[in-house]
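# What the coordinates show
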Amino acid sequence: MSEPIKLTRKDFASDQAVRWCPGCGDYAILAQMQKTLPDLGVPKENIVFISGIGCSSRFPYYMNTYGIHSIHGRAPTLASGLKLANPELSVWIITGDGDSLSIGGNHLIHILRRNIDVNIVLFNNRIYGLTKGQYSPTSLQGHKTKSSPMGSVEQPLNPLSVAVGTEATFIARTIDTNVKHMGEVFRRAAAHKGTSFVEVYQNCVIFNDGAWGYATDNQTKDDHILELEDGQPLIFGKERDKGIRLNGLIPEVVSLADVSPNELLVHDEDGPASLAFFLSRMRQPAFPEPIGVFRDIKKITYEEGAISQISEAVASRGKGDLHKLFHASDTWEVTPEHTNGHN
Amino acid sequence: MSEPIKLTRKDFASDQAVRWCPGCGDYAILAQMQKTLPDLGVPKENIVFISGIGCSSRFPYYMNTYGIHSIHGRAPTLASGLKLANPELSVWIITGDGDSLSIGGNHLIHILRRNIDVNIVLFNNRIYGLTKGQYSPTSLQGHKTKSSPMGSVEQPLNPLSVAVGTEATFIARTIDTNVKHMGEVFRRAAAHKGTSFVEVYQNCVIFNDGAWGYATDNQTKDDHILELEDGQPLIFGKERDKGIRLNGLIPEVVSLADVSPNELLVHDEDGPASLAFFLSRMRQPAFPEPIGVFRDIKKITYEEGAISQISEAVASRGKGDLHKLFHASDTWEVTPEHTNGHN
Amino acid sequence: MPESKHHVEYQDIESVIIRFAGDSGDGMQLTGLQFSNTSAVFGNDISTLPDFPAEIRAPAGTLAGVSGFQVNFSSEEILTPGDAPQVLVAMNPAALKANLIDLEPGGKIIVNTDAFNNANLKKADYDSNPLEDGSLDGYDVYELPITTLNRNALADLEDLSTRDKDRCKNFFSLGLTFWIYDRPLETTLSYIDKKFAKNPLLVDANKRALIAGYDVGHNTEAFQTRFHIQPAHLKTGVYRRITGNEAIALGMITAAQKAGKPLFYGSYPITPASEILHNLANQKQFDVRTFQAEDEIAAMGSTIGAAFGGAMAATGTSGPGVALKSEAINLALVLELPMVIVNVQRGGPSTGLPTKTEQSDLLQAMFGRNGESPVPVIAPATPGDCFYMAIEAFRMAVRAMTPVFVLSDGYLGNSAEPWLIPDPDDIPPIVVKHPSAPSNGAEPFEPYKRNSETFARPWAIPGTPGLEHRLGGLGKQPDTGNVSYVPFDHEQMVKDRAEKIAKLADYVPPQTLIGPEEGDLLVVSWGSTLGAVRSAVKRVQGQAYAVSHAHIRYLNPFPKNLDSIVRRFDRILVPEMNLGQLIFLLRGRYGLETPFIPYPKVQGRPFTIREVTEKILSLVE
Amino acid sequence: MPESKHHVEYQDIESVIIRFAGDSGDGMQLTGLQFSNTSAVFGNDISTLPDFPAEIRAPAGTLAGVSGFQVNFSSEEILTPGDAPQVLVAMNPAALKANLIDLEPGGKIIVNTDAFNNANLKKADYDSNPLEDGSLDGYDVYELPITTLNRNALADLEDLSTRDKDRCKNFFSLGLTFWIYDRPLETTLSYIDKKFAKNPLLVDANKRALIAGYDVGHNTEAFQTRFHIQPAHLKTGVYRRITGNEAIALGMITAAQKAGKPLFYGSYPITPASEILHNLANQKQFDVRTFQAEDEIAAMGSTIGAAFGGAMAATGTSGPGVALKSEAINLALVLELPMVIVNVQRGGPSTGLPTKTEQSDLLQAMFGRNGESPVPVIAPATPGDCFYMAIEAFRMAVRAMTPVFVLSDGYLGNSAEPWLIPDPDDIPPIVVKHPSAPSNGAEPFEPYKRNSETFARPWAIPGTPGLEHRLGGLGKQPDTGNVSYVPFDHEQMVKDRAEKIAKLADYVPPQTLIGPEEGDLLVVSWGSTLGAVRSAVKRVQGQAYAVSHAHIRYLNPFPKNLDSIVRRFDRILVPEMNLGQLIFLLRGRYGLETPFIPYPKVQGRPFTIREVTEKILSLVE
Ligand SMILES: Cc1ncc(C[n+]2csc(CCOP(=O)(O)OP(=O)(O)O)c2C)c(N)n1
Ligand SMILES: Cc1ncc(C[n+]2csc(CCOP(=O)(O)OP(=O)(O)O)c2C)c(N)n1
Ligand code: SF4
Ligand code: SF4
Ligand SMILES: [Mg+2]
Ligand SMILES: [Mg+2]
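Residues numbered from 1 in each chain as written. Chains lettered and ligands numbered in written order. Predicted model: local features only at pLDDT ≥ 70, side-chain atom pairs only at ≥ 80, totals over all residues. Heavy atoms only, no water.

### Focus on the side chain of S535 of chain D
Residue and element names in this part refer to chain D.
- Mapped onto the elements of the fold, S535 is located in helix 17 (residues 530-542).
- Since its relative accessible area comes to 13%, S535 is described here as buried.
- Apart from residues lying up to four places away in sequence, S535 is in contact with L79, T80, L530 and I609. (Helix = DSSP H or I, 4+ residues; strand = E, 2+ residues; numbered from the N terminus. Buried < 20%, exposed > 50% of the residue type's maximum accessible area, 1.4 Å probe, protein only. Contact = heavy atoms within 4.5 Å.)

Pasting the structure below:
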């Protein structure tokens, strides 16, 4: 293969018409992905998008890369097999809150713990979009939908808490309207070796419009969102005048008028899982919700482990030889005289 | 029903011969369950044991209560339907590390988040027993088994971290050999309204003997195990001379010779999820592993929510009336003169 | 109403099928519904079929965004809404393009010419304007600048934005069709009053649009003929419109009420079955307990748990969901607990055509599980029949202690027909007997002791003292149900379960036959094809051909007399929305050499009467 | 060897089936294996069948803990290890009780009387001692105090505990059977040398036990006859023992090597398929990539992903696992990617009899998915055939770009037969063509453009520049594969997929027939029943009855000539380990009125030659 020419956003757009509702947050994510990929320097033919089922999962059709629009909740399983077959590929999983956390919950937690080197982007709109608006595992308690006309009675899952609880090595959050931030998060996810898990707050204009209003509304967002920076104290607010201090294992919002930045909790992407967990618990309205990279630690990936065992086996046993294999157990010979067996 | 006579352990033993391997940790758990149940004051006929598939999942056959030995990983789903059909029942789920965390992972996290009022007992032997010894999601990296002859390359799940990450309201851990502690944990689990999640360190003598040796060996266990007590500082050691201090979000083992108990982290079952998570991360050999109740918080159960909506609906719409229901949309009449419709 | 300004002829016709099509935002569902309500109140038999776009809200003007609603209204009994439309109202080029293929040759097309601009033509992938390039030759085309006419009619409503005015244009086209088919405006006028009660301006605007459309008929020379469809000779009684999905929900609630039990419905949303969940979730006053599970496996598992607990338990899904449930269905089958599994079939395999109809899950229902795993399978034939078959499924489930499959499909689920509302008191109770606490010294309880007549085992439920027992998926000893690996125990259980389902044939009503008792050609069908097939057979019979029709509602076990029916004919035509699954079943069961003539249609849409008629005629003529 | 101390007759016989049975702790698997190795080396044809207890380690002495190993050895070609044993070695009462049912009438029983104490009798649920109560009348019983005799033989080994001595008693009984069947001791003696090399004391003890057992034959009047089984006329060459599960693993590795590709195997452990995973995990030097998935759905999904990535991809499971995979299998089917799905069938439905065999997943393989979802299905007939059918499955998968089902079963999976080791160089390569990067200005790549001969689509793999494309489970446009809801696109894809599988019949070898080309009775079988059925047919043919046998290895599509074969007979007998699934398939496919005579056996165990012979005779006599 000759050195690839620098690709552009357009190179990543397929010829299929995009079919989301006008105003859907998915558009911004698609655009940002198409803009970010050229920066990664990965040849287009080495990139694969795999999705499940849902509005969000239509994503691969719009990317001019390899792709599979698979079945509901199972994208991580296809991605796992693909990566093991060809670890060189850059694999992205696109999924929704229903796809990944409802029907697909088991595969999500297992790909995370195995640390297979793929990037997962979870479009969280707190609703089942494609099936026209039932509550999802991230819908808030009390949410009235077609399937919960009196309000959902279920406690929602917190996607990032789930990820920390299941040993994820890279965890991040971003917002559909904050495209610059999103691009940066995608870049970081791509750079991470191991499973990257990115939650995107995504607005479904039809069935759950405004679910993330506090995080996207220009008036309020700075007070409700805290941008994480590695090695930096947790500071937020329109005027960057508020911070987070640790009180035992409980976060406290403090005013920088009263408290010095030195007393604030300092973010550490490479810190203990407990820190990422702690951050994932900060929720509206009591706390600002962090965005950015919660956790980024280095661990061996599944493929590395698996492929290195193959090399080891070849090294210690020699490259596989069918003759040897067939004869690897006790054998005996039947000669024309019939009886001359030997072991 | 007349006032039940006080039951005994024997009342809870079925007539089926117990079929585990001699020396299997499952025996102790069965015995302890049969001993504990009489104390709960629940009539035998109101108790149901539901399991999946695995050595551990044979459990219901040995209990003289109602029971279902269901299919692999799905016990929580049956329990959910059963509890919704009859919230009065006391339902226990018996499961293994493969059953609950491999094939059954999705149902586990969903029953936990829904907070359905059942008690889950996970027999963790870090192996697939019934299928004769493949590694499980809790097997340690490097574990050599029939399916991982060169050692497992997978990062294990930490069952309690998973539970905290998926919003469990009651989380505990106990050990097959520590029968007294186990009985107390079962009692606490039964008393909790909402999903109780109990991990039991269980020894598989055949395929993973000694996996919990450090926690069961009389010589070493006190240094490797920390018994949690609500409101008490974290102290452990044969001489109860060591404690756990918080350093930011990282635990530190300190000697009580140097550090006063006041400086130690104090357990709070009703504390933030971050505390339970933090405790779940304490693992051998760096830290003692806590046993006892990690978390016990009060939240509305799924059944309470669901059943109260039914009462509300009856209150606001009146008890269901089929006549009304059938006529609830626009109707028209066809009379013998055919045309006399009305809306 | 003003008199026509031009000469107009009246023509009496028997029935018309009209399809309203436009962009999802154009309100075509509403338009169609109003047309059908008016026709129903007028006394016609009606039947309706919505056609949703696959995307939630595709870009306006594109093919993907086309939404349609078809109304069949008639002075005779209508058996299917799904026939080829004779009239197409197309609000934009995409609507024309997507629907023209279905229109009867020579059918009427009413188009909104204002929408046929270049931008819209391009969005609809038209290279040239079909109104100009002759591609509509052979149709009866009425070109009207509907947007303009409508704006003109509302011109003096100055407080209304042009956009809001344009949103009334569906009422304008509704009014026009009312004129053509001589329908009264009252029903829709009073609907507008109610619907927009809070906004008098909109009441005014929509009424004006409706009337303006009606008047266009009078005023425009284009329309020379009005059609009159007499009220139908329907059974007297009170009617409502009902879709198959609504009817399944009503049937389930009724069954539970008739059993004096809570209804449990565990389901994971999936098109086109989700409405059953939505409908049930909204009826909690009947002690309906809906459980939106995390996936189909959990939906099935929860249904088993609820059945064990003594509820009337059901689950509903579509084909891919059945695939996921299949392992747990087998558990239900060996636990021998009663429950109902609804499959609202859609185009397959895999994700397939989620919003389209198909009948290709019959063999899956029969055989889609490991081991010998017999289950009863029944299939409703019309939306209204869904109500009765849902109840029937519960009766069979309780009688035989077994899961029962109900095979509906996307067409039944979404299409509506007038439903003669039954008196709930006329529906017999479902008698459930749970064994009660044994007296002291009684024999130990045997959970698999079979009833000698039905082979059902007792349904003992938790909470009953003295009947504690354990069920499981392993091989079992007969009677006790204890785990057994004894060869003959296993064989007996396998055979007993098969026999139990076979015995349900005692319960299944005999197969009915329309037409001669024997002869050359038998048409056999099942499920939602009833309407098209029955109508086609009637047409052909009207032409004095001796063709018979057997529509099978009970697919496993078959009615006892079906065997002898199928053997009395020389040829058997089987129209199916699959590649021949019922044929396979009939052959496999009966070892029939009779030439079967498959008539497969696997296009995501129902058969039309014409198609079936022509097929039959091609065989008998 | 010493000469016999008493008069002994020699008798030449053709074959013997001997079953060693004892407690799981008694080493019966080892004993059986030694017996079969010795016989193999001696030149007999052999075939073996282990019978594991369902529990891992049930309490000693109980029925649940009985472990058995059966060896069939013969001077003629053996087709089945599964026949009724003629000799039973029972080390305790439970072993006697559990196995007596299978023994041929009049068969030999060798029992260890020392184990027949009250405690053991009770554990085996015996009310009275079968050695005393006459219940063994009609058998040829040899009562020996094996424990005592063995202890005596080892008496002077003072450093060995009694417990360790007792552990040698399986070699004692092995020695005895060696004497009776006139086998040389060398193979086992050298095995003992190797096995216990680290512990000379145990070498000594076990050898002594073996020889002592042998000598008991000489010394005990009880044994009056020795039997001699001549070496068989086997094809010359080098042999090894192979089980079906081993053979599947070897076949898969071979296929991948022959395609020059890595082998991917995604699986979730399940009895009786887990050994395939274990075997493959141990061959990483062949670039075998095993993935122990979190469940069967993930196993299937990962297999699809690996196939997309260009690996030779396979998954294996048993019936309940296939149920779980079925939704994803349908995805594989519409993505049209090549892969192999192995089902090692077990007793069903539901959890059923995990350690027992059955053939009841045939219709599941054929129809267990939503929609029209055709897949090729093939079934190996013997353990060794599993090797060839695994390769065959990959060939078919690659040829037609489709998942292919291989239906093995618990009996094939676990039983072993001598396998004439092929020369790997004689196995033709599997030629895989991936389209390569297009030249500039080439037509856009069409991922669903079908090969006109095979209807297969191209297998373009990620990493190839210029062939980027998207696959998915939705309805598709032919050629481009773009999402399409167009009715005729869907219909064409459905029909093309069906046609593609049907076209594989061009590849399938013609059906062979043993016996007359036409006539009164045809016996049809598939899968693991080959041995019993073929042997039975040969026996009957030997008695001059005109009965033919067709054993079907290709179940979908059927061989082209099968249709005409089945039509040439008046009656067709189908022995199956299910309730008649192949009959259903044959009838459904061919519309045959020919009387099929089902011969179902659903007991978790294979047919015996005698059973099938008697059944045939009952029909032809
Ligand atoms: C096996 C199966 N069950 C159910 C469905 C129906 N279904 C399609 S998408 C979806 C949920 C989508 O929600 P989410 O993942 O949040 O995606 P969104 O549409 O909101 O982007 C469901 C239930 C399906 N396609 N397959
Ligand atoms: C659908 C399905 N897949 C696989 C199996 C095989 N299987 C039975 S138990 C088991 C794992 C058991 O491990 P665990 O849950 O840890 O229980 P343990 O035996 O260790 O108590 C497996 C893989 C099955 N019974 N069903
Ligand atoms: S339904 Fe919601 S999530 Fe789906 S495309 Fe429309 S706006 Fe987006
Ligand atoms: S295999 Fe292990 S877990 Fe299973 S019964 Fe035996 S000791 Fe217990
Ligand atoms: Mg969503
Ligand atoms: Mg385990």
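### A look at the coordination of the magnesium ion (ligand 6)
- Binding of the magnesium ion (ligand 6) to the protein goes through D97 of chain B (OD), N125 of chain B (OD1) and I127 of chain B (O), at separations of 2.1 to 2.2 Å.
- Given a relative accessible area of 3%, I127 of chain B falls into the buried group. (Donors = N, O, S within 2.8 Å, 3.2 Å for Na, K, Ca; no water.)

### Regarding the interface of chain D and chain C
- Between chain D and chain C, the contact holds 68 residues from the first and 68 residues from the second.
- Roughly 5,500 Å² is buried in total at the junction of chain D and chain C, and carbon and sulfur atoms are behind 63% of that figure.
- Residue E593 of chain C is joined to R567 of chain D by a salt bridge in which the shortest nitrogen-to-oxygen separation is 3.8 Å.
- Linking chain D with chain C are 25 residue pairs in polar contact (both at pLDDT 80 or more), by the criterion used here.
- Secondary-structure elements contributing two or more residues to the side of chain D that touches chain C are helix 12 (319-335), helix 13 (362-367), helix 16 (487-503) and helix 19 (581-590) of chain D.
- Per-element tally for the side of chain D that touches chain C: the top contributor is helix 12 of chain D, with 10 residues.
- Broken down by class, the residue content of the side of chain D that touches chain C amounts to 26 nonpolar, 26 polar and 16 charged. (Buried area = accessible area lost by both parts, 1.4 Å probe. Salt bridge = Lys/Arg side-chain N within 4 Å of Asp/Glu carboxyl O. Polar contact = N/O pair within 3.5 Å; in protein donor to acceptor, adjacent residues only side chain to side chain. Nonpolar A, V, L, I, M, F, W, Y, C, P; charged D, E, K, R; others polar.)

### Details of the domain arrangement of chain A
Residue and element names in this part refer to chain A.
- The assigned domain composition of chain A is domain 1 (1-211 + 300-343) and domain 2 (222-288).
- Each partner contributes residues to the interface: domain 1 has 10 residues there, and domain 2 has nine residues.
- Of the roughly 820 Å² buried where domain 1 meets domain 2, counting both sides, 46% is carbon and sulfur surface.
- When the area that domain 1 buries against domain 2 is broken down by residue, the three leading residues are N158, S161 and V164, summing to 44%.
- Put simply, domain 1 and domain 2 have one salt bridge between them.
- R188 is paired through a salt bridge with E269; the nearest N and O atoms lie 2.8 Å apart. (Domains from an automatic or database assignment.)

### A short note on the coordination of the magnesium ion (ligand 5)
Residue and element names in this part refer to chain A.
- Each protein donor to the magnesium ion (ligand 5) is listed here as D97 (OD), N125 (OD1) and I127 (O); together their distances run 2.0 to 2.2 Å.
- Going along the chain, you hit the donors of the magnesium ion (ligand 5) in the pattern D-x27-N-x1-I. Of this pair, D97 sits in helix 3 (residues 97-103) while N125 sits in the loop between strand 4 (119-124) and helix 5 (159-165); the two residues are 28 residues apart in sequence, bridging distant segments of the chain. With respect to burial, D97 and N125 carry one shared label: buried.

### Digging into the environment of I307 of chain B
- Tracing the sequence through the fold places I307 of chain B in helix 10 (residues 302-317).
- Along the chain, I307 of chain B and V293 of chain B lie 14 residues apart, while their C-alpha atoms are 29 Å from each other.
- Once residues lying within four places of it in the same chain are set aside, the contact partners of I307 of chain B are L84 and P87 of chain B together with R289 of chain C.

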